[in-house]
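What follows is the residue order along each chain.
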Amino acid sequence: MRTFIADLRYGLRLIARNPSFSAVVILTLGLAIGANTAIFSVVNGVLFEPLPYRDPERLVRIWGTWNPSDATLEPQRSGNVNPVDALDWRDENRTFQSLALLHNSTATLRSGSSEPLELPITRVTANFFPMLGVQPQLGRLFDPGHEQPGNDRVVVLSHGFWQRRFGADSSVLGQTVLLYERPYTIIGVLPEHFRSVQPGSAGNPDLFRPIAIDRQTQGRGGHFMYAFARLRPGVTVAQAQSDIDAIAAGLAERFPGTNSGVSGRVELLYDSIAGPARRPLLILLAAAGFVLLIACVNVANLFLSRSSVRKRELSIRLALGARRKRLFGQLLTESMVLASCGGALGLALSVWLENILTALAGSQLPRLEEVRTDPSVLLFTAAAALVATLLFGFLPSLLASRTNVTDALKEGGRSSTHGRGGKRIAKALVVAEIALSLILLIGAGLMIRSFSGLREADPGIDPRRLVVIDVNLPSARYPEHENVVRFFDQVAERLTAVPGVRSVAAANMVPFGPSHSCDGYSIEGDQPVAGSLLPCAEARIVSGGYFETMGIRVLRGRPILDSDDATTEPVVVVTESMARRFPGGDALGKKIKWGTVASSETWRTVVGVAHDIRHFGMENEPMPEIYTAAAQVRRSGSAVRAIVVRTSVEPEVALPFIREAIWSVDRNLPLNRIALMEDLIAKSLARSRFRTVLVVAFAILALMLAATGIYGVMSYSVTSRTQEFGVLMALGAQQHEVLWSVLRGAAGLTGLGVALGLAGAMTLTPSLGSLLHDVSAIDPLTFIVVPSALALVAMFSSFIPALRATRVDPVVALRYE
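Note that the structure is predicted; figures quoted are calculated from it, not measured.

Describing the overall build of the protein chain
Phase 1: The helix and strand tally for the protein chain stands at 23 helices and 22 strands.
Phase 2: Every one of the 817 residues in the protein chain was classed for burial, and the buried ones make up 53%.
Phase 3: Total accessible area on the protein chain is roughly 35,200 Å²; 58% of this is exposed by carbon and sulfur atoms.

This is the structure we're talking about:
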């Protein structure tokens, strides 16, 4: 221990004696370790931390699945299930301890004298919170009696909403709020640590209310709820899947019209929540690991260069009786001191980088609230510092401790080298640095190409100066279809009169929003496959002028018009993807019917084929869509859920007037959900942007480290060959010959590193396949441009030391020592 403490003190003195060298090493390691620690803290919180529920390993999600009647289509999977089917699964299963349902929506809230507010609300069955093991912070939660229609007018507040809206007032229990223009009583407040399991959300809904299901009136055709369950002790997912399949088969026999081909797929809740983020995060962690390797290689070369300067000192100590093992331990301790300082700097940087990462990720990653610097993160930082010590400290320390005393004492300080072995190791480290950097740079190049392609892809609409306003019409004030149509007609009339408004339209849902509606359809003349459910397409209910306002191109036929009303022939417009499902790919003039049970719907004539739209985000391929005139759909409340407005001026200028125009029709409508279409598209790219920015940042850092590493090695090489260059120039060698001699060596190292890097990239980049869009993992352009750019950077880094070699004075060089 005394020896270790002495070596530690000596190492600290050396750091103070060589501040420039120490600062470079600590900063290099600090950046690399900080990046790794920050990424690991995110990975740990999202992937490794257990879900914050009781016995989370027994919680599962049940996905809705169905086999379409069209044999050419793949089996479908949806997050949604039919509530009546789910109740049958709950009652008839033998593998679930409990099964709960969840449904997300929005609601207009009014409390006291506050202005109405539209906010997210979640309906759950009474056993939802007990299934998760959640206890209320205040009051109580739902009981089975609240699932009875007419007894469900109660709500539970999230902790955050309780604080924001009610000032954390404990007397909130028993207060009444208006939801959907109806009174609801507050019965409880959830604990602060509770996080909902609702899919696709990084946060919590503000309100929860019970689900009241009437088996007699609720049909089996609609699939719009999420199902979660807790497995019985000892039951596996495979056993639960067999149980669901058997129950679904029985339901299909009893209700062939709605349940043929319908089933569910059981998946661990952890996989449902964190599974989609696993591959991207592990790839980012691997990229950060590459940066740490490159940093260690760089620092190892710095240590080799410095140890050559200290070679004379070490030789004298050996000559005076010091043991080689003792010298090796001391040198390794010095490396550990620097790595520890780098680790401490990295830990400090990681807190800052972690905040940047979570801000960049936004809602694109689940469980970000679990990200924190806990003991496992500290242990990771310590392990990274230890690994760094071994990676960059072992070989230089070993070489330095094996110094030949006699040769070293004969040589001068500046011309001394480590011999051929040391030079080979230095060159091998440079080759490794170039290869690792190239792998990371190629990965970044592929991500940039993919992201650029997504940004330039055609969304199918013209997002410029397009405003989207979510409107939630309460059924208490708009109970009939005619009320909804009348509301929109009045709003359209008022908005059209607003200066700067070019056109107005309405729809049940708009592109790049969270909603979807995949309804079954039948094409006239098609024969459905027995025992299969109807294929489905996204159903859009739109007003006249929708295609013009959204900037959707109609390729053939005509769009939905204002004249398409209840007195005219029922019509639809389909997208290109949907048109390809018609016999011969020709949809114009053909008839189709769609709906929950298509057989009970009206045949509608296809009057137009529109351009495909990336409705669910730029990363997702267009889905088949059917557009129906709102005036021809007799569904109360479904015709208008969003208003779209195209302006001739900047939207921010027109927004106050747009709000006033809508409020002039209904002052009680909340308008806090207004967005620009360009912002919605940008949000859909956030996940790809997050991954790309991080990988590119790592690649730039790797490139900088590689460039400085090459520069350092070539500088050391030139310095150690000073006498050689002096002899050559004294014998008549020209400057360009000396320059080429240095560059030739650099070119050989660069070429070997690039070759190894290309081989490594071809092996590893296929793992990026799921993150790339319209770009091959072996993209020729990337595999040509990136290595060429790296080679240019490497040669430029070698040029400055090479130029210095041409300016060696032969007289001074030959006189030296």
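As for the side chain of Asp612
Phase 1: Turning to its location among the elements, Asp612 is positioned in the loop between strand 19 (604-610) and strand 20 (625-629).
Phase 2: Among the polar contacts listed, one links the side chain of Asp612 to the side chain of Ser577, at a separation of 2.7 Å.

Examining unusual backbone geometry
Phase 1: Unlike most non-glycine residues, Ala168 shows phi in positive territory, near 55 degrees.
Phase 2: Checked against the element boundaries, Ala168 lands in the loop between helix 5 (159-166) and strand 7 (176-179).
Phase 3: Within the chain, Arg465 stands out as a residue other than glycine whose phi angle is a positive 55 degrees.
Phase 4: Along the chain, Arg465 falls in the loop between helix 13 (419-456) and strand 12 (466-470).
Phase 5: Arg465 sits in the partly exposed class, given a relative accessible area of 33%.

Topic: the packing of aromatic side chains
Phase 1: This model, assessed by the stated rule, comprises twelve aromatic pairs.
Phase 2: For the pair Phe40 and Phe48, a centre-to-centre distance of 6.3 Å together with 50 degrees between the ring planes defines the contact as tilted.
Phase 3: The class of Phe40 is buried, set by a relative accessible area of 11%.
Phase 4: Classification of Phe48 as partly exposed rests on a relative accessible area of 47%.
Phase 5: The ring of Trp63 has Arg61 sitting right over it, with the charged end atom 3.7 Å from the ring centre.
Phase 6: Positioned above the aromatic ring of Tyr184 is the side chain of Arg153, whose terminal nitrogen or guanidinium carbon lies 5.7 Å from the ring centre.

Quick notes on the pattern of salt bridges
Phase 1: Overall, the coordinates contain 20 salt bridges when judged by the stated rule.
Phase 2: Ionic pairing is found between Asp206 and Arg164, a salt bridge with its closest N-O pair at 2.7 Å. You can see Asp206 sitting in the loop between strand 8 (182-189) and strand 9 (207-210) and its partner Arg164 sitting in helix 5, a full 42 residues away along the chain.
Phase 3: Classification of Asp206 as buried rests on a relative accessible area of 11%.
Phase 4: Glu625 serves as the salt-bridge partner of Arg540, at 2.7 Å between the closest nitrogen and oxygen.

What to know about the nonpolar core
Phase 1: Counting residues in hydrophobic clusters, the biggest one holds 81 residues, and the most contacted among them are Leu29, Ile39, Leu281, Leu365, Leu440 and Phe698.
Phase 2: Of all the secondary structure elements, the ones that give two or more residues to this core are helix 2 (19-48), helix 8 (269-309), helix 10 (324-361), helix 11 (375-401), helix 13, helix 19 (686-720), helix 21 (735-764) and helix 22 (780-805).
Phase 3: If we ignore the near neighbours within four places in the chain, the residues touching Leu440 are Ala287, Phe290, Val291, Phe698, Ala699 and Ala702.
Phase 4: Counting 30 residues, the second-largest nonpolar core is a separate cluster that includes Ala457, Ala610, Ala642 and Met677.

Points about the packing of helix 14 (residues 481-496) against helix 17 (residues 651-663)
Phase 1: Where helix 14 contacts helix 17, the two axes come as close as 9 Å, and the packing angle between them is 145 degrees. Between helix 14 and helix 17 the crossing geometry is right-handed. In contact with Val491, Arg494 and Leu495 of helix 14, helix 17 contributes Ile658, Ala661 and Ile662.

Things to note about the confidence of the model for the protein chain
Phase 1: The predicted model of the protein chain averages 81 in pLDDT, with 81% of residues at 70 or higher.
Phase 2: Put simply, helix 12 (residues 405-410) is where the protein chain has its lowest mean pLDDT, 50, and helix 15 (residues 546-550) is where it has its highest, 95.
Phase 3: For residues 412-418, every residue scores under 50 in pLDDT, and the model assigns this stretch 25 contacts once sequence neighbours within four places are set aside.
Phase 4: In this model residues 596-600 is a low-confidence stretch, pLDDT under 50, and it forms ten contacts with partners more than four residues away in sequence or in other chains.

A look at a nonpolar patch on the surface
Phase 1: Taken together, the side chains of Trp352, Ile356, Leu360 and Val693 present a nonpolar region at the surface, about 350 Å² in accessible area.
Phase 2: Of the residues forming the nonpolar patch, the biggest block, three residues, is contributed by helix 10.
Phase 3: Counting through the fold element by element, Leu360 comes out in helix 10.
Phase 4: Leu360 sits in the partly exposed class, given a relative accessible area of 36%.

Re the environment of Gly545
Phase 1: With respect to the secondary-structure elements, Gly545 resides in the loop between strand 15 (536-542) and helix 15.
Phase 2: Accessibility expressed as a relative area gives 22% for Gly545, which makes it partly exposed.
Phase 3: Here the alpha-carbon distance between Gly545 and Ala505, two residues 40 residues apart in the chain, equals 5.7 Å.
Phase 4: Excluding residues that lie within four positions of it along the chain, Gly545 makes contacts with Ala505, Ile560 and Asp562.

Overview of the pairing of strand 8
Phase 1: Of the strand pairs in this sheet, strand 5 (residues 138-139) and strand 8 are connected by two bridges, and their pairing is antiparallel. In the strand pairing of strand 8, Gly139 is matched with Gly188.
Phase 2: By the bridge criterion, four bridges tie strand 7 to strand 8 in an arrangement that is antiparallel. Across the sheet, residue Thr176 finds its bridge partner in strand 8, namely Thr185.
Phase 3: What sits between strand 7 and strand 8 in their antiparallel hairpin is a turn of two residues, with Tyr180 showing a positive phi close to 55 degrees.

Parameters at a glance
Along each chain, residues carry numbers from 1 onward, in the same order as the chain's sequence is written. At least 70 in pLDDT is required for a residue's local features to be given in this predicted model, at least 80 for side-chain atom pairs to be given and counted, and no such filter applies to totals for whole chains, interfaces and linings, which use all residues. Think of the side-chain values as coming from all heavy atoms in the structure, minus any hydrogens and water. The secondary structure listing takes helices from DSSP runs of H or I that are at least 4 residues long and strands from runs of E that are at least 2 residues long, numbered from the N terminus. Think of it in three bands: with a 1.4 Å probe and only protein chains considered, a residue is buried below 20% of the maximum accessible area for its type, exposed above 50%, and partly exposed in between. All accessible-area figures derive from a Shrake-Rupley calculation using a 1.4 Å probe, and residue coverage is judged against the displayed protein chains alone. In the analysis that follows, any N or O atom pair within 3.5 Å is treated as a polar contact, provided that within protein one partner can donate a hydrogen and the other can accept it, and provided that, for residues neighboring in sequence, both atoms belong to side chains. In this scheme Phe, Tyr and Trp rings, the latter by its six-membered ring, pair at centre separations within 6.5 Å, and the angle between planes marks the pair as stacked below 30 degrees, edge-to-face above 60, and tilted otherwise. Our definition puts a charge over a ring when NZ of Lys or CZ of Arg is within 6 Å of the ring centre and also within 35 degrees of the ring normal. When a carboxyl oxygen of Asp or Glu lies within 4 Å of a side-chain nitrogen of Lys or Arg, that pair is called a salt bridge. Nonpolar core, defined: a set of buried Ala, Val, Leu, Ile, Met, Phe, Trp, Tyr and Cys residues in which side-chain atoms within 4.5 Å join the residues together. Contacts are residue-level and defined by heavy atoms, with any inter-residue pair within 4.5 Å sufficient. Fitted lines through C-alpha atoms serve as axes, helices being fitted only where they are in contact, and the angles separating the N-to-C directions of these axes extend from 0 to 180 degrees. Left-handed describes a crossing whose near helix is turned anticlockwise from the far helix through less than a right angle; right-handed describes the clockwise counterpart. The pLDDT value tells you how sure the predictor is about a given residue, anywhere from 0 up to 100. Each patch is built from residues that are more than 30% exposed by relative accessible area and take part in no salt bridge. Like charges join if they lie within 9 Å; nonpolar side chains (Val, Leu, Ile, Met, Phe, Trp, Tyr) join within 5 Å. Between any two strands, at least two bridges found by DSSP are needed for them to pair.

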